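Geometric and topological summary
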There are 2 protein chains.
Amino acid sequence: MEIVGIIMINKFDINAIKKIGIIGGGQLAKMMIVPAQRMGLEVYTLDPDSNANASFSANDHVVGAYSDETALRKLAALVGKGGVITFDLEHVGLDAVKKLEQEGYKIRPNTSSQAIIQDKYLQKEALKKAGIAVADFEKMEIESEIREWFKINKKGVLKSRRFSYDGYGNFVLDDEKDIAEGFKKLSKNTGGLYIEKWVPFNLEISVNVARGLNGEKMCYPLCENEHENNVLYTTIVPARVSEKIADRARELALKTADVFEGAGNLCVEMFLTKSGDILVNEVAPRPHNSGHFSIEACHVSQFENHIRGVAGLPLGDTELRDEMTIMLNILGDRTKSGKVRYEGVEKAMELGFSVHLYGKEETRPGRKMGHMTISGDREKLLKIYENIENVRIKATT
Amino acid sequence: MEIVGIIMINKFDINAIKKIGIIGGGQLAKMMIVPAQRMGLEVYTLDPDSNANASFSANDHVVGAYSDETALRKLAALVGKGGVITFDLEHVGLDAVKKLEQEGYKIRPNTSSQAIIQDKYLQKEALKKAGIAVADFEKMEIESEIREWFKINKKGVLKSRRFSYDGYGNFVLDDEKDIAEGFKKLSKNTGGLYIEKWVPFNLEISVNVARGLNGEKMCYPLCENEHENNVLYTTIVPARVSEKIADRARELALKTADVFEGAGNLCVEMFLTKSGDILVNEVAPRPHNSGHFSIEACHVSQFENHIRGVAGLPLGDTELRDEMTIMLNILGDRTKSGKVRYEGVEKAMELGFSVHLYGKEETRPGRKMGHMTISGDREKLLKIYENIENVRIKATT
């Protein structure tokens, strides 16, 4: 007999892994800390902001740039090689993180997966290669290439390949005249550009996928998402589409998740096109704003499953507990900047909303200041939805 | 026209009250911090232990004795007169807290209410005076009084009036021979003794009552509680009694809550006697171990409602979301002391339990190390309950 390989069992030992590190200290990190600490884990965060939302709840907080080796080494020292380091954002320079990974610190999802996802062009290429439907796209290096492309395609979105989120780094080209402005604006960003053909869509949808260390995968129900200026504004779950479409979207999300190695949650944002196709728009390798509903609406939230996934614990139930749930983002008033003041908190609570305010001192136009979730009977919720703008908490000055 | 009085409206302003102080930094404080921070509030804790469970999640933590004026003034300075100070335990010397209250800091529930509750004899007297059924009780000062009482009553529980919880400070007198030992043991405690006639009961039950600043009151469903060595071991909700008994218990709990002024949650522990009467055993003016189920099983937990209550926010839904819920305490192995190691965490998660480990480094016999909750269909849960000891997570060394 010959030993042909060693089977590594990533069996979780809650008595050994007790420490989680998070690169990034925003509201996503904050919402991961809650279930992690509940399960008896210690959580350490790293963020350039010493007053980052998560810093107050973390067991300890390291102040430093996401890609700063000294700061990352401080985080790694707190977490140790027995613990796990994860992310609350994917737009992080990975050189120093990769060093830690090579030294034996557990980075989940791993840096090779992160490197592909954080370059949207490479991400799209990986998806296309795996046979996943995406909008037509092409790398763009100089303005004349864009002009050539535009002549044929008529409408498109020029995008920065890297460090873009919530619509930052996107520029819609409706007319030939937009090209100069778009190119000028985006070519300031490092990492290059690419262009995507405009997709006439009926609905923006997403599936949040929980992934275990053993390869186990579970989908949360399909989200129907409405954006305002490229920032998520409202999520309705389950999306108001046929069962057949919902099943197709979930299948596509699972197939997409397989493209990117690693444990922990992953959100797949998709377009349901006017012709009934589903195209993958982009992937976020972490808990996602469209999955916030799961805190109240599911037995195990996306944040708990992310922590369970990266720590190697068994995943938990992702089904809705009620017929429907609605999540409203609380975005900074479009015309106000300054010390924040909230309006409508009591009214929202009286209606049965769970209120999340992220504790940010200052509001800015469109800034994510909090969110609110309600879960219950479909009929009751759709009734509330009819007058939703009267219900939404306002973040003003 | 003459002004005959000024109506004070305790209208909550989430933009004004942003700070909560908690005297005590244990797991109850920790579980209050989660919804408070979610609602955008800052939370400050005070505890003699610099590593108290809540200290890691609090915005800041003051180390000092619960009754130490210097430490309390530090806490008060962090919270300010615009904020609210509450408690995670009631056995606190109140002199310094009372000073702060007189200076205008908001202490909720207030010290006069706390003073009555923390002396179990005064508490019982207040209940009796309000016409609430309690076991026969009598103040005891010297051993010979106890002997006289025992001749007539045959069985009783000798109790310390103050600083007693989870059965500490209780001594069951089954036989005349027990009196000397009981008196010797308990008379070491300051604050005096009293005795209660033994109540032959069928069931220990409790109702957690949420109380708003405006006098609003809401009951959580009736709990059926099983104790092990005077420490809560298992809670089943709703209690397996008739609707009629459940209604009577909730009515009694509301009547009991009216005896003790103040906002925030209050737990009323009761006996369902063999003759079908309901007697109030004792009152805790805070979230209570028997109400932990509400974190997962209700839209608004006892911890969130406690914070809402003391902060003057509207109370939220206290109904069960599923047919039934079971909460199991994870108590330190009766024969082990030392660095804790948990067994059965994954199995519990796979069955659908939410796992709470309080992060205490050391286990001791019967110590509250965590709890676990499952919520769902009655039939499924009762099936799990048949083999519950195989499911319960073990805290050992």
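First things first, this report covers the structure right here in the doc. (Residues numbered from 1 in each chain as written. Chains lettered and ligands numbered in written order. Predicted model: local features only at pLDDT ≥ 70, side-chain atom pairs only at ≥ 80, totals over all residues. Heavy atoms only, no water.)

Listed per partner, the contact involves 37 residues of chain A and 37 residues of chain B. Carbon and sulfur atoms make up 45% of the area that chain A and chain B hide from each other, which totals about 3,300 Å². Between chain A and chain B we count two salt bridges in total. R321(B) is the partner of D322(A) in a salt bridge, and the nearest nitrogen-oxygen pair spans 2.9 Å. Summed over the shared surface of chain A and chain B, the result is ten residue pairs in polar contact (both at pLDDT 80 or more). Across the side of chain A that touches chain B, the residue classes break down as 15 nonpolar, ten polar and twelve charged. (Contact = heavy atoms within 4.5 Å. Buried area = accessible area lost by both parts, 1.4 Å probe. Salt bridge = Lys/Arg side-chain N within 4 Å of Asp/Glu carboxyl O. Polar contact = N/O pair within 3.5 Å; in protein donor to acceptor, adjacent residues only side chain to side chain. Nonpolar A, V, L, I, M, F, W, Y, C, P; charged D, E, K, R; others polar.)

Glancing now at the packing of helix α6 (residues 143-153) of chain A against helix α7 (residues 178-186) of chain A. Residues and elements named next belong to chain A. With their axes 10 Å apart at the nearest point, α6 and α7 run at an angle of 140° to one another. Compared by their axis directions, α6 and α7 come out oblique. The handedness of the crossing between α6 and α7 is right-handed. Counting all contacts with α6, which are made through E143, I146, R147 and F150, the residues of α7 involved are I179, A180 and F183. Looking at the contact of α6 with α7 residue by residue, the classes come out as five nonpolar, no polar and two charged. (Axes fitted to C-alpha atoms, helices over the stretch in contact; angles between N-to-C directions. Helix = DSSP H or I, 4+ residues; strand = E, 2+ residues; numbered from the N terminus. Parallel < 35°, antiparallel > 145°, perpendicular 65-115°, else oblique. Left-handed = near helix turned anticlockwise from the far one by under 90°.)

At an RMSD of 0.0 Å, chain A and chain B line up after a rotation of 180° and a shift of 0.0 Å along the axis. Expressed as a symmetry operation, the mapping of one chain copy onto the other fits a two-fold axis. Identified as the residue of chain A closest to the rotation axis by C-alpha distance is S57(A), at 2.0 Å. Residue by residue, 100% of the interface of chain A is reproduced at the interface of chain B, so both copies engage with the same surface. (Least-squares fit on C-alpha atoms with pLDDT ≥ 70 in both.)

The next subject is the pairing of strand β10 (residues 201-211) of chain A. Residues and elements named next belong to chain A. The element β10 is largely enclosed, with a buried count of nine among its eleven residues. With eight bridges joining them, β10 and strand β14 (residues 266-273) adopt antiparallel strand pairing. Within the sheet, the bridge partner assigned to S206 lies in β14 and is E269. Where β10 lies against strand β12 (residues 223-228), three bridges are found, and the strand directions are antiparallel. Bridging across to β12, E204 finds its partner in N225. As paired strands, β10 and strand β11 (residues 217-219) are joined by three bridges and run antiparallel to one another. Considered in β11, the bridge of A210 is made with M218. (Buried < 20%, exposed > 50% of the residue type's maximum accessible area, 1.4 Å probe, protein only. Pairing = 2+ DSSP bridges.)

Moving on: unusual backbone geometry. Both trends apply: most residues other than glycine have a negative phi, and most peptide bonds are in trans. Look at the link from R108(B) to P109(B): it is a cis peptide, with omega at -5°. In this fold, P109(B) is placed in the loop between β5 (106-107) and α4 (111-118). For the bond from V237(B) to P238(B), the omega torsion is -5°, close enough to zero to count as cis. With respect to the helices and strands, the residue P238(B) is situated in the loop between β13 (231-237) and α8 (243-259). For K154(A), which is not a glycine, the phi torsion comes out positive at approximately 70°. Its place among the elements puts K154(A) in the loop between α6 and β7 (156-160). Positive phi is not limited to glycine here, since N230(A) has a value of about 70°. Residue placement: N230(A) occurs in the loop between β12 and β13 (231-237). Judged by its relative accessible area of 46%, N230(A) is partly exposed.

Moving on to the sheet that holds strand β8 (residues 170-173) of chain B. Residue and element names in this part refer to chain B. Across the sheet, four strands lie side by side as β6-β9-β7-β8; this open sheet has antiparallel pairing. The open sheet is flanked by β6 (137-140) and β8, the only strands paired with a single partner. Averaged over all pairs of adjacent strands, the angle between their axes in this sheet comes to 25°, without regard to strand direction. The sheet contact formed by strand β7 (residues 156-160) and β8 spans four bridges and is antiparallel. Counted as the bridge partner of G156 is L173 from β8.

What follows covers the packing of aromatic side chains. Residue and element names in this part refer to chain A. Within the structure shown, the criterion is met by eight aromatic pairs over all chains. Aromatic side chains Y121 and Y194 sit 6.1 Å apart centroid to centroid with 55° between the ring planes, which places their arrangement in the tilted category. Of this pair, Y121 sits in helix α5 (residues 120-129) while Y194 sits in strand β9 (residues 193-197), and the two are 73 residues apart along the sequence. When its relative accessible area of 10% is taken as the criterion, Y121 is described as buried. (Phe/Tyr/Trp six-rings, centres within 6.5 Å; stacked < 30°, edge-to-face > 60°.)

Let's shift gears to α5(A). Residues and elements named next belong to chain A. Looking at α5, one finds that the buried residues are K120, Y121, Q123, K124, A126 and L127. As for α5, its buried residues are in contact with α4 (111-118), β6 (137-140), β7, β9, α8 (243-257) and β15 (278-284). For α5, the N-terminal capping position is held by D119, with its side-chain oxygen 3.0 Å away from the main-chain nitrogen of Y121. Directly beyond the C-terminal end of α5, a positive phi value near 80° is found at G131.

Moving on, we come to the packing of helix α1 (residues 27-38) of chain B against helix α10 (residues 302-311) of chain B. Residues and elements named next belong to chain B. For the pair α1 and α10, interaxial distance at closest approach is 8 Å and the crossing angle is 70°. By the angle between their axes, α1 is roughly perpendicular relative to α10. Relative to α10, α1 is oriented so that their crossing is right-handed. Listed contacts from α10 to L28, M31, M32, P35, A36 and R38 of α1 are F303, E304, H306 and I307. Split into classes, the residues belonging to the contact of α1 with α10 amount to seven nonpolar, one polar and two charged.

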